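What the coordinates show
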Amino acid sequence: MEKTLTIRDLSVSFQATGGTVRAVRGVDLDLYQGETLAIVGESGSGKSVTVKAIMGIVSSNQTIDSGSICYRFQQDGEWTETELLNLSRNEMRQKINGTHIAMVFQDPMTSLDPTMSIGMQLMEGMMHHLHYSKAQARERALELLNMVGITDAEKRMKNYPHQLSGGMRQRVVIAIALSCRPDILICDEPTTALDVTIQAKILELIQEIQKKTGISVIYITHDLGVVAKVADYVAVMYAGRIVEKGTVEDIFYDPRHPYTWGLLSSMPDISTDAPDRLYTIPGSPPNMVDLPAGDPFAPRNPFALEADFKAEPPTFQISPTHYAATWLLDDRAPQVEMPESLRSRIQAMTEGGGVCV
Amino acid sequence: MSEHLLEVRDLKQYFRVSKKYTVKAVDGVSFHIDAGETYGLVGESGSGKSTIGRSIIRLYTPTSGTVTFEGVEISGALGAKETKHLRTRMQMIFQDPMACLNPRKKVGDIIAQGLDIHHLYRDREERQEKVYRIMEKMGLDREHAGRYPHQFSGGQRQRIGIARALVMEPKLVIADEPISALDVSIQAQVVNLMKDLQGELGAAYLFIAHDLSMVKYISDRIGVLHLGHLVETGTTRDIFERPIHPYTKSLLSAIPHADPRVEKQRVAIGYDYKTSGIDYTLGTYHSLSETHTVLCTDEEFAKWTRV
């Protein structure tokens, strides 16, 4: 499989009133063609900042301290490479955004223009980027609306965003994102603002489109159920770092980082009888202005070693696809097992294999 | 009089948008809540679940139907006595912890506002004592009483919202999506806390949510709401193990599982009211067991229960 996006050692910081917030600290990520990557983490873990850096969305108090984002794409049958961080804002907007990398935002109400019909909003990008004539753009817009499952596309073109329901609006946003045939689609919590039933539909829609067009998708989410459904590869972020990454099977069936254990354990399990208490990760996310010395997760980590409070752990490789940043994987560390309840749950999953409610 | 803590009978809440158009947000809903239990109300947005909560606590005036709370009818015109009863014994927790706290008041005063209005203390010390006690129960520091809401994180603010409701020692708390706006790791903390405090204070909860997995965890009984109709109600076990109504089934099938091998192959069951041929207004309540009821016509009942 061809690698389309390579992020190395990306660090981003913000100047805030309280001091410098180091939102992303040395992120390494790869995205392969046709693959789905999910970035999981709590709010403030730096997942949105990472993908916004890919899109070249930089706020005025933000600086990119180090790193590279290398984007490879096929042009006229040949592979070309571009370093996205070297491009100016204008170059990003003209060459990359929309036509190569497109983004779907969380809230479909705020990402659509309320004063413009959805047909016009769909056609705008195509006329600008691909220099389509109005008739051509219109034809393709209808095609796109059909693809995202909007019935009566002809009539819907004249509608304004407020005339559509939340799920419909998100479908329109997806259609707009796909209009200029991007190679990479970034979805920033695309279903958080939607109901569960609509969420399932939208996720299935994106999967279907991916199958048809072969684009790569990056999901940002904090819902592990969504990750299980869509992702091929998962990166778990905490306090600006990737604490664990691996294939979806690595993360769900063989998690190694205590934070991943906590995330998996705190998901209510609907297939068994409810326990008396839900597992919780104690404490709350750290203040990113002055991060404590050592591993930022250490104060919330019931399995923390002494070393965790002194130095931040490096990333250890577990298998060719699976990495985790925890001192527990160091040779000198004592043998620590994941919590018993999680172990039995994983065992039930791997043995049960394919039983649905 | 009924022995239930809260009895809602045939509640209707209509909103007149224009002369010709009326939104029937809640259209004939009946259910009850017993003392100390948790009733979960689930449904998609627009199903009327928040409206029910708001009508019960009288943020809206119900169009018709009766709501009886501790033997007092609170759905009609409210006299001074009924108002006092309602406002002190029933409390509400709102969805958005960022929007529901007055930004210009200190947290201690926000929590004590209900006590102030109803003069529920003898002197300043007792007031202070009550505020500190509830804050400690919520896992907040005494010192936090002097701070303003913006100095807290989302999870902490929601704790303040819950403290403000529980300081009144209510018998019924209406929790309108109390965890939807929080991070996953914080959601579990807040739900555990609500469950612990329920044991301590003996309050009943009306827990409104669209996340069925959390509802399953906290509720004793569940009501499934769609388009203003309560389509199915039963114990948590009834709903999860023996769902009858196709809408309930589609809701259950939409919950994502944390198991990639299962999840990758699963396709959620769709449900479209318009094409399903079901007319909620024709249905009557059919009982499957003492606790489990479903809204449907006789033919539908026969069809759905056939194995």
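Keep in mind that this is a model prediction, so the values were computed, not measured. (Residues numbered from 1 in each chain as written. Chains lettered and ligands numbered in written order. Predicted model: local features only at pLDDT ≥ 70, side-chain atom pairs only at ≥ 80, totals over all residues. Heavy atoms only, no water.)

**Thoughts on the overall build of chain A**
Counting its regular elements, chain A contains 13 helices and 12 strands. Rg of the C-alpha trace for chain A: 21 Å, near the compact-globule value of 21 Å for 357 residues, within the 12% margin. Structurally, chain A occupies a C-alpha span of about 70 × 50 × 45 Å along its principal axes. Within the span of chain A, comprising 357 residues, buried residues form 52% of the whole. For chain A, the share of sequence-separated contacts (at least 6 apart) that also reach a separation of at least 24 residues comes to 65%. Carbon and sulfur atoms make up 50% of the accessible area of chain A, which amounts to about 15700 Å² in all. (Helix = DSSP H or I, 4+ residues; strand = E, 2+ residues; numbered from the N terminus. Rg over C-alpha atoms; globule rule 2.2 N^0.38 Å. Buried < 20%, exposed > 50% of the residue type's maximum accessible area, 1.4 Å probe, protein only. Contact = heavy atoms within 4.5 Å. Areas by Shrake-Rupley, 256 points an atom, 1.4 Å probe, with all protein chains shown as cover.)

**A short note on the layout of surface pockets**
Empty space among the atoms can be located by rolling a probe the size of a water molecule over them. All names here are of chain A. In this model, the second largest pocket occupies a volume close to 630 Å³. For the lining of the second largest pocket, the secondary structure elements donating two or more residues are strand 6 (101–104), helix 4 (118–129) and helix 7 (166–178). When grouped by side-chain class, the residues that make up the lining of the second largest pocket number 12 nonpolar, seven polar and three charged. (1 Å grid on protein atoms, 1.4 Å probe; cavity = no way out; pocket = protein on both sides within 12 Å on 5 of 7 lines; lining within 4 Å. Points joined across faces, edges and corners; volume = space filled by probe spheres on them. Nonpolar A, V, L, I, M, F, W, Y, C, P; charged D, E, K, R; others polar.)

**Digging into the side chain of N301 of chain A**
Following the sequence through the fold, N301 of chain A ends up in the loop between helix 11 (258–266) and helix 12 (306–310). Setting aside residues up to four positions removed in sequence, N301 of chain A forms contacts with P258 and D308 of chain A.

**Considerations on helix 11 of chain A**
By the criterion of burial, helix 11 of chain A is predominantly enclosed, with nine of the nine residues buried. Residues of helix 11 of chain A that are buried: P258, Y259, T260, W261, G262, L263, L264, S265 and S266 of chain A.

**Looking at empty space enclosed by the protein**
Per the stated rule, a full pass over the model turns up five cavities of 30 Å³ or more. Roughly 60 Å³ of internal volume is contained in the largest cavity.

**Describing the confidence of the model for chain B**
Averaged over chain B, the pLDDT score is 89; the fraction of residues at 70 or greater is 99%. For this predicted complex, the interface confidence score (ipTM) comes to 0.76, while the overall pTM stands at 0.84. (pLDDT = per-residue confidence, 0-100.)

**Quick word on the interface of chain B and chain A**
Reports of interface size often rely on the accessible area that becomes lost once the parts have come together. Opposite the 37 residues of chain B that make contact, chain A presents 47 residues. In this structure, the connection of chain B to chain A is made through two salt bridges. With a closest N to O distance of 3.1 Å, E249 of chain A and R261 of chain B form a salt bridge. Between the two partners, chain B and chain A, sit eight residue pairs in polar contact (both at pLDDT 80 or more). For the side of chain B that touches chain A, the elements supplying multiple residues, two or more each, are helix 6 (184–201), helix 7 (212–218), helix 8 (236–241), helix 9 (246–253) and helix 10 (260–265) of chain B. Examining the composition of the side of chain B that touches chain A, we find that nine residues originate from one element, helix 6 of chain B, more than from any other. Its residues placed into classes, the side of chain B that touches chain A shows 16 nonpolar, nine polar and 12 charged. (Salt bridge = Lys/Arg side-chain N within 4 Å of Asp/Glu carboxyl O. Polar contact = N/O pair within 3.5 Å; in protein donor to acceptor, adjacent residues only side chain to side chain.)

**Notes on the packing of aromatic side chains**
In total, this model carries 10 aromatic pairs over all chains according to the counting rule given. Where W261 of chain A meets F303 of chain A, the ring centres are 5.1 Å apart and the plane angle is 90°; that geometry is what we call edge-to-face. Residue W261 of chain A is found in helix 11, and its partner F303 of chain A is found in the loop between helix 11 and helix 12; the two are separated by 42 residues along the sequence. Judged by relative accessible area, which is 4%, W261 of chain A ranks as buried. An aromatic cluster is defined as three or more aromatic residues linked by ring pairs; in this entry it consists of Y238, Y259 and F297 of chain A. When the ring centre of Y217 of chain B is taken as reference, the NZ or CZ atom of K195 of chain B above it lies at 4.2 Å. (Phe/Tyr/Trp six-rings, centres within 6.5 Å; stacked < 30°, edge-to-face > 60°. Lys NZ or Arg CZ within 6 Å of the ring centre and 35° of its normal.)

**Points about the nonpolar core**
I54, L84, I218 and F252 of chain A are the most contacted members of the largest nonpolar core, which totals 105 residues. Two domains each provide a minimum of three residues to this core, namely domain 1 (3–231) and domain 2 (238–351) of chain A. In this view, L84 of chain A contacts L5, I54, I69, Y71, M92, I96 and I101 of chain A; residues no more than four positions away in its chain are not counted. Within the second largest apolar cluster, 67 residues are counted, among which are M135, A145, V231 and A268 of chain B. (Core = buried A, V, L, I, M, F, W, Y, C linked by side-chain atoms within 4.5 Å. Domains from an automatic or database assignment.)

**Some details on the pattern of salt bridges**
Here the structure, examined in full by the defined rule, presents 31 salt bridges over all chains. Notably, a salt bridge pairs K229 of chain A with E263 of chain B, separated by 3.8 Å at the nearest N-O pair. Placement of the pair is K229 of chain A in helix 9 (residues 224–230) and E263 of chain B in helix 10, with the two residues belonging to separate chains. According to the relative accessible area criterion, E263 of chain B is buried, its value standing at 1%. Notably, a salt bridge pairs R241 of chain A with E312 of chain A, separated by 3.3 Å at the nearest N-O pair. Separated by 71 residues along the polypeptide, R241 of chain A in strand 10 (residues 241–247) and E312 of chain A in the loop between helix 12 and strand 11 (316–317) bring together distant segments of the chain. For R241 of chain A, a relative accessible area of 16% translates into the label buried.

**Notes on the sheet that holds strand 9 (residues 221–226) of chain B**
Residue and element names in this part refer to chain B. Spatially, eight strands are ordered 6-7-8-3-9-10-12-11 in an open sheet, and the strand pairing comes out mixed. Both outer strands of the open sheet, strand 6 (90–93) and strand 11 (284–287), are each paired with one neighbouring strand and no more. Averaged over all pairs of adjacent strands, the angle between their axes in this sheet comes to 20°, without regard to strand direction. Direction of pairing for strand 10 (residues 229–235) relative to strand 12 (residues 293–296): antiparallel, over a ladder of two bridges. In the strand pairing of strand 12, E232 is matched with V294. Each of strand 3 (38–42), strand 6, strand 7 (172–176), strand 8 (204–209) and strand 9 touches helix 1 (residues 49–56); the most contacted strand, strand 8, lies at about 145° to it. This element, helix 12 (residues 298–305), spans strand 11 and strand 12 of the sheet and lies at about 125° to strand 12. (Pairing = 2+ DSSP bridges. Axes fitted to C-alpha atoms, helices over the stretch in contact; angles between N-to-C directions.)

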